[in-house]
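Residue strings, one per chain:
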Amino acid sequence: TRNPFGVQKIQQVDASCGIMSRASNLIHKGQFSSREQFPWEAALSTDSEANGTFIFRGSGCLISSKHVLAAAYSVSYLDQATKQLIPVETSRVRVFLGTTKYGDLSQPGSFMLNILKIVTHPKAREFSNSLSIYQVSIVTLQQEVTFSEYIRPVCLWPYANDVSYIVGRDAYAVGYGRDETGKNSETRKHVRVTVQDQNECKIFES
């Protein structure tokens, strides 16, 4: 299929992708994640133009030794005239890997990395249900990372547009943000969800 990002082909990593370094008991309702769980999770931040501090923007997935797949809004701003999502300056973005607490690099084997390039899907626009599939960006790191117990890529989806393979199966939402109490958690959490059929999702949207 045509590559809409216009970037060089990302080399699929070997069979070790998407494998946690050890088995873990994963349970419902926003449980804190251990470092060995979800080693492909990347936290993205941008610096504040006002005071130079870093602001958490969202989570992404490490998909190779040098690329992170992220939601477009995590590394973009909205052009009010065109409603298009435009990548922010690469010098303003940082990626955190190998840590379970946002911005904390005290854990051995955790890194903060600079960005070489951000490529946002050309159809990424102001969020709407009809355009949500295009809200993605590929973030290229300035340097390759070495895979470890705490940093490992997730497997890329091999089934083209067929999602029937995963309908009804368990999946995990992983990252930071507001929890059920309304507080923002700076420590990574995960929650187990069941993948629904697209037609069923449309019923809830209407």
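Everything here concerns the structure above.
Parameters and conventions
- Residues numbered from 1 in each chain as written.
- Predicted model: local features only at pLDDT ≥ 70, side-chain atom pairs only at ≥ 80, totals over all residues.
- Heavy atoms only, no water.
- Helix = DSSP H or I, 4+ residues; strand = E, 2+ residues; numbered from the N terminus.
- Buried < 20%, exposed > 50% of the residue type's maximum accessible area, 1.4 Å probe, protein only.
- Contact = heavy atoms within 4.5 Å.
- Areas by Shrake-Rupley, 256 points an atom, 1.4 Å probe, with all protein chains shown as cover.
- Pairing = 2+ DSSP bridges.
- Axes fitted to C-alpha atoms, helices over the stretch in contact; angles between N-to-C directions.
- Salt bridge = Lys/Arg side-chain N within 4 Å of Asp/Glu carboxyl O.
- Phe/Tyr/Trp six-rings, centres within 6.5 Å; stacked < 30°, edge-to-face > 60°.
- Lys NZ or Arg CZ within 6 Å of the ring centre and 35° of its normal.

Draft legend 1. Region of the structure containing the overall build of the protein chain. Across its full length, the protein chain holds 1 helix and 11 strands. Looking at the protein chain as a whole, 36% of its 206 residues qualify as buried. The contacts in the protein chain between residues at least 6 apart in sequence include a share of 60% that link residues at least 24 apart. Counting every atom, the protein chain has about 12400 Å² of accessible surface; 52% of that belongs to carbon and sulfur.

Draft legend 2. Here's a closer look at the sheet that holds strand 2 (residues 41-47). The 6 strands lie next to each other as 2-3-4-9-8-7, forming a closed barrel whose pairing is antiparallel. When strand polarity is set aside, the average angle formed by the axes of neighbouring strands in this sheet is 45°. Here strand 8 (residues 111-120) runs beside strand 9 (residues 136-141); their pairing, made up of 5 bridges, is antiparallel. In the strand pairing of strand 9, Val119 is matched with Ile138.

Draft legend 3. Focus on the pattern of salt bridges. Under the counting rule described, the total for this entry stands at 3 salt bridges. In this structure, the salt-bridge partner of Arg92 is Glu89, at a minimum N-O distance of 3.7 Å. The partner of Arg192 in a salt bridge is Asp170, and the shortest N-O contact between them spans 3.9 Å. You can see Arg192 sitting in strand 11 (residues 184-194) and its partner Asp170 sitting in strand 10 (residues 170-178), a full 22 residues away along the chain. Judged by its relative accessible area of 25%, Arg192 falls in the partly exposed class.

Draft legend 4. Molecular detail of the pairing of strand 7 (residues 93-97). Burial runs high along strand 7: 5 of the 5 residues are buried. A two-sided burial pattern is seen for strand 7, the buried positions comprising Val93, Val95 and Leu97 on one face and Arg94 and Phe96 on the other. Here 4 bridges tie strand 7 to strand 8, and the two strands are oriented antiparallel to one another. Within the sheet, the bridge partner assigned to Phe96 lies in strand 8 and is Met112.

Draft legend 5. Looking closely at the packing of aromatic side chains. A full pass over the atoms with the stated rule returns 6 aromatic pairs. Considering the side-chain rings of Phe38 and Tyr172, the 5.9 Å spacing of their centres and the 50° angle between planes classify their relative orientation as tilted. Of the two residues, Phe38 is situated in the loop between strand 1 (31-32) and strand 2 and Tyr172 in strand 10; the sequence distance between them amounts to 134 residues. For the pair Phe96 and Tyr102, a centre-to-centre distance of 5.4 Å together with 70° between the ring planes defines the contact as edge-to-face. Residue Tyr102 is classed as buried on the basis of its relative accessible area, which comes to 17%. An aromatic cluster of at least three residues, connected via ring pairs, comprises Phe56, Phe96, Tyr102 and Tyr176. One cation-aromatic arrangement involves Arg35 over Tyr150; the distance from NZ or CZ to the ring centre is 3.7 Å.

Draft legend 6. Spotlight on the sheet that holds strand 1. Spatially, 1-11-10 is the arrangement adopted by the 3 strands of the open sheet, whose pairing is antiparallel. The open sheet terminates on both sides in strands that have one partner only, identified here as strand 1 and strand 10.

Draft legend 7. Local environment of the environment of Pro153. Within the secondary structure, Pro153 sits in the loop between strand 9 and strand 10. In this structure the C-alpha to C-alpha distance between Pro153 and Cys61, which are 92 residues apart in sequence, comes to 7.3 Å.

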